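# Coordinate analysis (summary)
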Amino acid sequence: GYRKPDVAINMATMEFEKKKYEKVIPLLTNLDKKKIAEKKIASMLAFSYYYTDNYNFAIPHFTILLGKSPSKEIVEMAAISYEKTDQLPMAISMYNKFLSFGKTNKHEKYAYHIAILYEKQNDLPSAKTQYIKNLTDYPNYFKNYTKLVSILIKENKNSQAIPYLEKATEKPSCPPEFFKKL
């Protein structure tokens, strides 16, 4: 027999596979809550809202997926969605969850980004802690040195900044501006 929700889901699936995300959303939004909570539907809606820059609408669907052993990609997209909607504590939480997965080429960037988000919230103690952790985990990612040193100098803690500057200048890839700060 013909069942309308199944037709809508099949049509949405075809549009989704063609990356026609703006067509997926109206096909799925009127389904009942139980259907929307199914992994396949939640996934199509989360991705469709995400790729059409409707992050506020994507988040509830990512929340469903985050409760169902999420992939690294889902966690990353949720982090970005939370950040784009100024939910910085949740964004930090998701970026940290992303970092708990096996290392990727994005890890050092996101670890640095977590510290930036702490700074955006004016949580300098957490930002400094994150930058210091990043220096251990990603010693050649120079932006961590730059930001940590600039916070310490702003706080008139030059004596605390000097060891980080010295450590940075020991690296062969050290940018010339670090030598000037010493």
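Structural data are supplied above this passage.
Summarised in this report is the structure supplied together with it. Each chain has its residues counted from 1, following the order in which its sequence is written. Local features in this predicted model are restricted to residues whose pLDDT is 70 or higher, and side-chain atom pairs enter the listing and the counts only when it is 80 or higher, whereas totals over whole chains, interfaces and linings include all residues. Excluding hydrogens and water, the side-chain figures rest on all heavy atoms present in the structure.

## Let's talk about the overall build of the protein chain
Assigned secondary structure in the protein chain consists of 12 helices and zero strands. Secondary structure is summarised from DSSP: a helix means a run of H or I of at least four residues, a strand means a run of E of at least two, and numbering begins at the N terminus for each. For the protein chain, the succession of helices and strands along the chain, N to C, is α-α-α-α-α-α-α-α-α-α-α-α. We compute the radius of gyration from the C-alpha atoms alone; for a globule the expected value is 2.2 Å times N to the 0.38, where N is the number of residues. A globule of 182 residues ought to have a C-alpha radius of gyration of about 16 Å, yet the protein chain, at 22 Å, is considerably larger. Structurally, the protein chain occupies a C-alpha span of about 75 × 30 × 25 Å along its principal axes.

## Some thoughts on the packing of helix H8 (residues 107-120) against helix H9 (residues 124-137)
Between two packed helices, the angle of one axis relative to the other and the distance separating the axes together describe the packing. Between N-to-C directions, angles span 0 to 180 degrees; the directions come from axes that are lines fitted to C-alpha atoms, helices contributing only their stretch in contact. Between H8 and H9, whose axes approach to 7 Å, the crossing angle comes to 165 degrees. In this view, H8 runs roughly antiparallel relative to H9, as classed from their interaxial angle. Here H8 runs over H9; the crossing is left-handed. Contact with H8, carried on its side by Ala111, Tyr112, Ile114, Ala115, Ile116, Tyr118 and Glu119, involves Leu124, Ser126, Ala127, Gln130, Tyr131 and Asn134 of H9 and no other residues of that element. A breakdown of the residues in the contact of H8 with H9 according to their chemical character gives nine nonpolar, three polar and one charged. Every angle not falling under 35 degrees, over 145, or within 65 to 115 is termed oblique; those three ranges are roughly parallel, roughly antiparallel and roughly perpendicular. Crossing handedness is defined as follows: a turn of the near helix away from the far one that is anticlockwise and smaller than a right angle gives a left-handed crossing, while the clockwise case is right-handed. Residue contacts are defined here by distance: any two heavy atoms, one from each residue, within 4.5 Å place the two residues in contact. Following the grouping adopted for this structure description, the nonpolar residues are Ala, Val, Leu, Ile, Met, Phe, Trp, Tyr, Cys and Pro, the charged ones are Asp, Glu, Lys and Arg, and the polar ones are all others, Gly among them.

## Considering the packing of aromatic side chains
Here the distance between the centres and the angle between the planes together describe a pair of aromatic rings. Aromatic rings from Phe, Tyr and Trp, with only the six-membered ring used for Trp, were paired whenever their centres fell within 6.5 Å, and each pair was classed as stacked if the ring planes differed by under 30 degrees, edge-to-face if by over 60, and tilted otherwise. Going through the model one piece at a time under the given rule, you end up with 13 aromatic pairs. Ring geometry for Phe16 against Tyr21: centres 5.5 Å apart, planes inclined by 75 degrees, an arrangement best described as edge-to-face. For the exposure calls, accessible area comes from a 1.4 Å probe over protein chains only, and a residue counts as buried if that area is under 20% of its type's maximum, exposed if over 50%, partly exposed in between. Classification of Tyr21 as buried rests on a relative accessible area of 12%. With a centroid separation of 5.5 Å and an interplanar angle of 85 degrees, the aromatic rings of Tyr50 and Tyr55 are classed as edge-to-face. Residues Tyr50 and Tyr55 agree in their burial class; the two are buried. A network of ring pairs unites the aromatic residues Phe16, Tyr21, Phe47, Tyr50, Tyr51, Tyr55 and Phe62 as a single cluster.

## Considering the side chain of Lys128
Residue position: Lys128 is located in helix H9. Assessed through its relative accessible area of 15%, Lys128 is described here as buried. Ignoring sequence-local partners within four residues, the contact set of Lys128 consists of Leu148, Ile151, Leu152, Glu155 and Lys157.

## Some details on the environment of Leu31
As for its placement among the helices and strands, Leu31 is situated in the loop between helix H2 (21-28) and helix H3 (33-36). Distance in space between the C-alpha atoms of Leu31 and Pro5 is 6.7 Å, their sequence separation being 26 residues. Leave out the neighbours within four places in its chain, and Leu31 touches Pro5, Ile9, Ile36 and Ile41.

## Here we look at H8
The length a helix should cover is 1.5 Å for every residue beyond the first. The first and last C-alpha atoms of H8 sit 20 Å apart over 14 residues, in line with the 20 Å expected at 1.5 Å per residue. Burial within H8 is extensive, with 10 of its 14 residues counted as buried. Taken together, the buried positions of H8 are occupied by His107, Tyr110, Ala111, Tyr112, Ile114, Ala115, Ile116, Leu117, Tyr118 and Glu119. Where H8 is buried, its residues touch helix H6 (72-84), helix H7 (88-99), H9 and helix H10 (142-154). Positive phi appears at Asn122, one or two residues downstream of H8, with a value of about 60 degrees.

## A look at the nonpolar core
Each nonpolar core is a collection of buried residues, namely Ala, Val, Leu, Ile, Met, Phe, Trp, Tyr and Cys, held together in the definition by side-chain atoms within 4.5 Å. Ranked by size, the top nonpolar core spans 59 residues in total, and within it Leu28, Ile41, Phe62, Tyr95 and Tyr131 carry the most contacts. When near neighbours in sequence (up to four residues on either side) are disregarded, Leu28 contacts Ala8, Ile9, Ala12, Ile36, Ile41, Met44 and Leu45.

Scope: geometric values only; no functional claims are made or implied.
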